[in-house]
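Chain by chain, the residues:
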Amino acid sequence: MGRMKDKFIEEQERQLSENTFEWDFTPNDDCCGQQCGCHEENEANAAAYAAEYDAWWNSLTDDQKEQLFKDRDDSEKEYYERS
């Protein structure tokens, strides 16, 4: 089951790496400079989300995971066929 998760994550990372995004990281005058604790809150939310995702992934059967891959591939094919 761990190999399936690793394959899924690798595939998602590959897709993200193929896209190029230009982000504007200019300083924001509205930012408090990390004095309000919002940055730590965001990190805590990210950790909670990761734990929730792992629990969800681990709850799936191998057949359900395979179906996710198949559905994603079918969706991508359909998208590119329309373009």
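Placed above this text is the structure.
Rules used in this analysis
Residues numbered from 1 in each chain as written. Predicted model: local features only at pLDDT ≥ 70, side-chain atom pairs only at ≥ 80, totals over all residues. Heavy atoms only, no water. Helix = DSSP H or I, 4+ residues; strand = E, 2+ residues; numbered from the N terminus. Expected span 1.5 Å × (residues − 1). Buried < 20%, exposed > 50% of the residue type's maximum accessible area, 1.4 Å probe, protein only. Arc of directions from axis to C-beta. Phe/Tyr/Trp six-rings, centres within 6.5 Å; stacked < 30°, edge-to-face > 60°. Lys NZ or Arg CZ within 6 Å of the ring centre and 35° of its normal. Polar contact = N/O pair within 3.5 Å; in protein donor to acceptor, adjacent residues only side chain to side chain. Contact = heavy atoms within 4.5 Å.

A. Expanded view of helix 3 (residues 62–82). Taking 1.5 Å per residue as the helical rise, helix 3 with its 21 residues ought to reach 30 Å, and the 30 Å between its terminal C-alpha atoms agrees with that figure. Taken together, the buried positions of helix 3 are occupied by K65, F69 and R72. Across the axial projection of helix 3, the buried residues extend over an arc of 65°, all falling on one side. Looking at helix 3, the residues exposed on the side facing more than 90 degrees away from the buried face are D63, K77, E81 and R82.

B. Focus on the packing of aromatic side chains. Within the structure shown, the criterion is met by six aromatic pairs. Ring centres of F8 and F69 lie 5.4 Å apart, and the angle between their planes is 65°; this geometry places the pair in the edge-to-face category. Here F8, found in helix 1 (residues 2–18), pairs with F69, found in helix 3; they are 61 residues apart in sequence, far enough to count as distant. On the basis of relative accessible area, F8 is assigned to the buried category, the value being 14%. Relative to W56, the ring of Y53 lies with its centre 5.4 Å away and its plane at 50°, an arrangement referred to as tilted. Of the two residues, Y53 and W56 are both situated in helix 2 (residues 38–59); the distance of three residues between them amounts to about one turn of the helix. The partly exposed category is assigned to Y53, whose relative accessible area is 22%. On the basis of relative accessible area, W56 is assigned to the partly exposed category, the value being 37%. Following the ring pairs from residue to residue traces out a cluster consisting of F8, Y53, W56, W57 and F69. Residue placement shows K7 over the ring face of F69; its charged tip is 5.9 Å from the ring centre.

C. Spatial organisation of the side chain of R72. Structurally, R72 can be placed in helix 3. Exposure remark for R72: the relative accessible area of 18% places this residue in the buried category. In terms of polar contacts, R72 uses its side chain to reach the side chain of D73, at 2.9 Å. Filtering out sequence-adjacent residues up to four positions away, R72 remains in contact with F8, E11, Q12 and Q15.

Geometric values such as these leave the question of function open.
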